[in-house]
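Listed below, chain by chain, are the residues.
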Amino acid sequence: MAGVAGEDCGVGRQHCLSGEALAEWRSSEQVENGTPATSLLYWDSDNGDGPKPSELYGKYTWKIEKFSQINERELHSDAFEVGGYKWYIIIYPQGCDVCNHLSLFLCVDNHDKLLPGWSRFAQFTIAVVNKDPKKSKYSDTLHRFWEKEHDWGWKKFMELSKVYDGFIESDTLIIKAQVQVIREKADYPFRCLDPQYRRELVRVYLTNVEQIYRRFSDDRRSNLGKFIEDKAKWSSFRAFWSGIDQNSRHRMSREKKDVILRVVVKHFFIEKEVTSSLVMDSLYSGLKVLEGQSKSMEAKSKLSDADEMPAPIVRVEDDMFVLVDDVLLLLERAASEPLPLKDEKGPQNRTRDSIERDERRLAELGHRTVEMFALAHIFSNKIQVAYQEAVALQGQEEASFMAC
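Residues numbered from 1 in each chain as written. Predicted model: local features only at pLDDT ≥ 70, side-chain atom pairs only at ≥ 80, totals over all residues. Heavy atoms only, no water.

> Explain the overall build of the protein chain to me, please; I cannot follow it from the model alone.
Counting its secondary structure elements, the protein chain contains ten helices and 13 strands. Counting the 404 residues in the protein chain, one finds 51% classified as buried. Long-range pairs, those at least 24 residues apart, make up 73% of the contacts in the protein chain with a sequence separation of at least 6. (Helix = DSSP H or I, 4+ residues; strand = E, 2+ residues; numbered from the N terminus. Buried < 20%, exposed > 50% of the residue type's maximum accessible area, 1.4 Å probe, protein only. Contact = heavy atoms within 4.5 Å.)

> Hey, could you run me through the nonpolar core in this one?
Grouped burial of nonpolar side chains is what soluble globular proteins tend to show. Core analysis: the biggest nonpolar cluster contains 63 residues, and Phe 237, Phe 268, Met 280, Phe 321, Leu 331 and Ile 383 have the highest contact counts within it. Looking at this core, the elements with two or more residues in it are helix H3 (195-229), helix H4 (231-243), helix H6 (257-268), helix H7 (276-295), strand S12 (314-317), strand S13 (320-323), helix H9 (327-336) and helix H10 (352-403). Considering every element that reaches this core, the biggest residue donor is H3, with 13 residues. Sequence-distant contacts of Ile 383, that is, excluding residues within four places in its chain, are made with Phe 237, Phe 240, Trp 241, Met 252, Leu 323, Val 327 and Ile 378. Residues Trp 62, Ile 91, Phe 145 and Leu 160 belong to the second largest nonpolar core, which totals 35 residues. (Core = buried A, V, L, I, M, F, W, Y, C linked by side-chain atoms within 4.5 Å.)

> Would you mind going over the side chain of Ser 103 with me for this structure?
As for its position among the elements, Ser 103 is in strand S5 (residues 101-108). Take Ser 103: its relative accessible area is 0%, and that puts it in the buried class. Engagement of the side chain of Ser 103 in a polar contact is seen with the backbone nitrogen of Cys 96, the distance being 2.8 Å. Once residues lying within four places of it in the same chain are set aside, the contact partners of Ser 103 are Ile 90, Ile 91, Tyr 92, Gly 95, Cys 96, Val 98, Trp 154 and Lys 155. (Polar contact = N/O pair within 3.5 Å; in protein donor to acceptor, adjacent residues only side chain to side chain.)

> So what exactly am I meant to see when it comes to the environment of Val 179 here?
With respect to the helices, strands and loops of the structure, Val 179 is situated in strand S10 (residues 172-181). The buried category is assigned to Val 179, whose relative accessible area is 1%. Taking the C-alpha atoms as reference, Val 179 lies 9.5 Å from Glu 81; in sequence the two are 98 residues apart. Contact partners of Val 179, with chain neighbours within four places excluded, come to Leu 56, Tyr 57, Gly 58, Phe 80, Val 82, Trp 87, Leu 106, Ala 122, Gln 123 and Phe 124.

> When you look at the side chain of Asp 140 in this model, what are you seeing that I'm missing?
Along the polypeptide, Asp 140 turns up in strand S7 (residues 137-146). Under the relative-accessibility criterion, Asp 140 is labelled buried at 0%. Of note is the side chain of Asp 140, whose polar atom sits 2.8 Å from the side chain of Thr 125. Polar side-chain contacts of Asp 140 include one of 2.5 Å to the side chain of Tyr 205.

> Can you help me understand H4 in this one?
What sets the pattern is the α-helix's 3.6 residues per turn: residues three or four places apart point alike. With 13 residues, H4 should reach 18 Å at 1.5 Å per residue; the first-to-last C-alpha distance of 18 Å fits that figure. Listed in full, the buried residues belonging to H4 are Trp 234, Phe 237, Phe 240 and Trp 241. End-on, the buried residues of H4 take up no more than an arc of 120°, which puts them together on one face. Away from its buried face, by an angle of more than 90 degrees, H4 presents the exposed residues Lys 231, Ala 232, Ala 239, Ser 242 and Gly 243. (Expected span 1.5 Å × (residues − 1). Arc of directions from axis to C-beta.)

> Sorry if this is basic, but what is going on with the packing of aromatic side chains here?
Here the distance between the centres and the angle between the planes together describe a pair of aromatic rings. Using the criterion set out here, one finds 24 aromatic pairs in the structure. Relative to Phe 145, the ring of Trp 87 has its centre 5.2 Å away and its plane inclined at 70°; by these criteria the two rings are edge-to-face. With Trp 87 in strand S4 (residues 85-92) and Phe 145 in strand S7, this residue pair connects regions lying 58 residues apart in the sequence. The class of Trp 87 is buried, set by a relative accessible area of 0%. Chaining the aromatic ring pairs together yields one cluster made of Phe 227, Trp 234, Phe 237, Phe 240, Trp 241, Phe 379 and Tyr 387. Geometry around Tyr 85 places Arg 120 over its ring, the cationic atom sitting 3.9 Å from the centre. (Phe/Tyr/Trp six-rings, centres within 6.5 Å; stacked < 30°, edge-to-face > 60°. Lys NZ or Arg CZ within 6 Å of the ring centre and 35° of its normal.)

Geometry only, nothing functional implied.
Below is the structure:
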């Protein structure tokens, strides 16, 4: 076997939520049959070029009959097509290089016949179905398949001792796969996931995505806070900013979108992290919210209903991110405003309302993160650089004066 997603619980590996709590909604009728598209702003929009994520997504069910009579070390499913590529599943009924475990892998079909340099990037979920849907076993991961890693999965998908605890019915084992081929971009947040698949993953990984955004926000806020709390440095910076002309302020308070968004994608899209697809989807939606907010106040009401959205930090003008206010005020505000806490009110079961609430949350987090990233980038790469150059020049002039 070329690749192993992981043998222990963790993000990008097997789910660590309690089996009953996780499967209760994953096996619900809405997940199985799909949830009607919501009217949320931008969540059902796509990248605008190339195939839509829904066209690169597919499911496959494999029924292995007479399971108790299997003597082979490994079994291969029939090939199935998703995203224009063919795949198959391998099962090791007695484990692959491990004892007492069922091993499962997703493989690229005919990988030995593909042209040199080929690759396939995909997120996938494999499930072993229990007669009690709440006890079905799910695992997901994200992987780039290529010549030396043409298969990927779990050596320790589940313990063999548990296979006959409701997973075998009429001597038949049922395995289900969901595969999402991803066409990533380097310079712009991109839509990754089929809407139905995304809604399923959101309920598993929303907390993990929130933690990623919160770590980023807290780090940037901490850096700004330290800068502001240094009274001598902050006073010096305020004097510098107050002393430059309006045209210079205007020039330093903006940056091209593609410059910043390229760094956003590089920072947040980590190939081995299963949450990266949700992060990209939410950043894409958040950016669209920001662009819409810059054009029309209508976006404000659609995103937040009756609640007031926080005052913007940046706006989009053509191909530029532009700070909306004086940088001194924006820095102080950004340093003091943490990401909003998750709203725990409302339905907690798998209802349309809860799905919309979670997707609103992701769009809000993406929106706030794009703003913070743009502000931090413009400040550190343009304004602070100009300030440091001014300080260095002043130091040189004072040294020359003293020498005279």
